[in-house]
Amino acid sequence: MIGSAKDRVEPMIKVALTGAQGRMGILVMQELSKQNDMKLVAGLDIIGENKPLLGDITVRHASRIGEILSQTDPDVLIDFTEPKAAINNVLCAVENNVNLVVGTTGFTQDQMMLMRNAIDGKVSAVISPNFSVGINVFWKLIALAADNLKDYDVEIIEAHHNQKKDAPSGTALAAVEILKKSLGDIEVKSGREGIRLRGKEIGMHAIRAGDIVGDHTVLFAGPGERLEIKHQAHSRTNFASGAIKAARWVVSARTGIYNMADVLGLK
Ligand SMILES: NC(=O)c1ccc[n+]([C@@H]2O[C@H](COP(=O)([O-])OP(=O)(O)OC[C@H]3O[C@@H](n4cnc5c(N)ncnc54)[C@H](O)[C@@H]3O)[C@@H](O)[C@H]2O)c1
């Protein structure tokens, strides 16, 4: 007999998480626990081995990632770790045919290339330095401003908590790439000191203090006026819920590399 739609049980999306003991990992797990179409099948970290996570899942040591992904067969791996670890996690995920959501930031261009080449044509991946909806709209707004204010001076000011290791932030670097589409291959000057006139450049300023979650301002200044486009994250929850959205989206996406604008339909 054919069951009614109500009787049919949708398959659960099986999620693995690397960086499960980190600030973001813990929040992703909290968000995951609220989803009735997703379940955590593995949580990995290099600290807190055997600590309980969700249900009967405990922290497993990240050195065993290959074996754990092969045993638990997740649909998607969410990674919030640090660049070197993330590269290894991505390579293991691809080897095990596991789709990816990569939130880690601070990759060098070579690391990013290595990761993209490994993923390309094999699995689906969403890679984004910022999963918040607001920041993805912010990126659209700065593209609009740059297109219309090509002669204005541009400065980026970003602020984060004192534990953040990479600077400038991945979000600020993504803003630079967007600005370059309108302004050409313009130089980026991180901080300023000494005696020198401002050149044709984007000024970049990174503040690291206290527990600031994440502020980004792009300032366009011209004759007699300035425009500031600013985003302030009040909590990390929006990053975690964005990563969950990306995970749900990526499992049914065609093989390829995507960003949050694809997930949010902002393109
Ligand atoms: N994309 C976004 O929206 C977004 C938002 C916030 C933070 N981030 C980025 O996410 C990353 C993590 O941020 P955080 O604040 O959670 O940092 P964190 O330092 O609190 O957590 C990182 C966790 O990764 C673990 N780890 C290190 N090596 C590992 C490995 N090989 N395998 C598994 N786990 C490993 C650490 O032990 C730690 O628990 C950073 O790069 C940060 O910039 C991205």
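Now for a look at the structure at hand. (Residues numbered from 1 in each chain as written. Predicted model: local features only at pLDDT ≥ 70, side-chain atom pairs only at ≥ 80, totals over all residues. Heavy atoms only, no water.)

### Focus: the packing of helix α1 (residues 23–32) against helix α7 (residues 237–250)
Argument step 1. At a closest axis distance of 9 Å, the pairing of α1 and α7 adopts a crossing angle of 60°. Relative to α7, the element α1 lies oblique. The way α1 lies across α7 gives a crossing that is right-handed. Residues M24, L27, V28, E31 and L32 of α1 form the contact with α7, whose own contacting residues are T237, F239, A240, S241 and I244.
Argument step 2. Of the residues in the contact of α1 with α7, the class split is 7 nonpolar, 2 polar and 1 charged. (Axes fitted to C-alpha atoms, helices over the stretch in contact; angles between N-to-C directions. Helix = DSSP H or I, 4+ residues; strand = E, 2+ residues; numbered from the N terminus. Parallel < 35°, antiparallel > 145°, perpendicular 65-115°, else oblique. Left-handed = near helix turned anticlockwise from the far one by under 90°. Contact = heavy atoms within 4.5 Å. Nonpolar A, V, L, I, M, F, W, Y, C, P; charged D, E, K, R; others polar.)

### Some details on the nonpolar core
Argument step 1. Counting 31 residues, the largest nonpolar core has I78, V101 and F131 as its most contacted members.
Argument step 2. Mapped onto this core, the elements with two or more residues apiece are β1 (13–18), α1, β2 (38–45), β4 (76–79), α7 and α8 (260–264).
Argument step 3. The dominant element in this core, judged by the number of residues it contributes, is α7, at 7 residues.
Argument step 4. Each residue touching F131, except ones within four places of it in the same chain, is listed here: F80, V101, V102, G103, V126, N136, N238, F239, G242, A243, A246 and M260. (Core = buried A, V, L, I, M, F, W, Y, C linked by side-chain atoms within 4.5 Å. Buried < 20%, exposed > 50% of the residue type's maximum accessible area, 1.4 Å probe, protein only.)

### Looking at the site of the ligand
Argument step 1. Every one of the 24 residues lining the ligand counts as a neighbour, but R23, M24, D45, T105 and F131 are closest to it.
Argument step 2. A distance of 3.3 Å separates a nitrogen atom of the ligand from a polar atom in the backbone of G19.
Argument step 3. A distance of 2.6 Å is found between an oxygen atom of the ligand and a side-chain nitrogen or oxygen belonging to T105.
Argument step 4. For the shell around the ligand, the secondary structure elements donating two or more residues are α1, β2 and α3 (83–95).
Argument step 5. In the shell around the ligand, the residues fall into 10 nonpolar, 10 polar and 4 charged. (Near = heavy atom within 4 Å. Polar contact = N/O pair within 3.5 Å; in protein donor to acceptor, adjacent residues only side chain to side chain.)

### Things to note about the pairing of strand β5 (residues 99–102)
Argument step 1. Of the two faces of β5, both are covered, the one formed by N99 and V101 as well as the one formed by L100 and V102.
Argument step 2. One ladder, built from 4 bridges, connects β4 with β5; its direction is parallel. Residue pairing across strands places L77 opposite L100, the latter belonging to β5.
Argument step 3. Between the parallel pair β4 and β5, the chain is carried across by α3, and the sense of this crossover is right-handed.
Argument step 4. In the sheet, β5 pairs with strand β6 (residues 124–127) via 3 bridges, with the strands oriented parallel. (Pairing = 2+ DSSP bridges. Right-handed = clockwise from strand over helix to strand, strands pointing away.)

### Remarks on α1
Argument step 1. Summarising burial for α1: 7 of the 10 residues are buried, a large majority.
Argument step 2. Buried within α1 are the following residues: M24, G25, L27, V28, M29, E31 and L32.
Argument step 3. Where α1 is buried, its residues touch β1, β2, β4 and α7.

### Brief notes about the sheet that holds β5
Each strand in a sheet pairs with another by means of backbone hydrogen bonds, the pair being arranged parallel or else antiparallel.
Argument step 1. Taken in spatial order, the 7 strands of this open sheet run β3-β2-β1-β4-β5-β6-β12, and their pairing is parallel. Edge positions in the sheet fall to β3 (59–61) and β12 (256–258), since each of these pairs with one other strand and no more. Here the average twist between neighbouring strands, direction ignored, is 20°.
Argument step 2. Pairing between β1 and β4: 4 bridges, direction parallel. If you follow L17 over to β4, its bridge partner there is I78.

### A word on the pattern of salt bridges
Argument step 1. Applying the stated criterion to the full structure yields 16 salt bridges.
Argument step 2. R248 is the salt-bridge partner of D37, the closest N and O atoms lying 2.7 Å from each other. One end of the pair, D37, is in the loop between α1 and β2; the other, R248, is in helix α7, and 211 residues separate them in sequence.
Argument step 3. Residue classification places D37 among the partly exposed residues on the basis of a relative accessible area of 23%. (Salt bridge = Lys/Arg side-chain N within 4 Å of Asp/Glu carboxyl O.)

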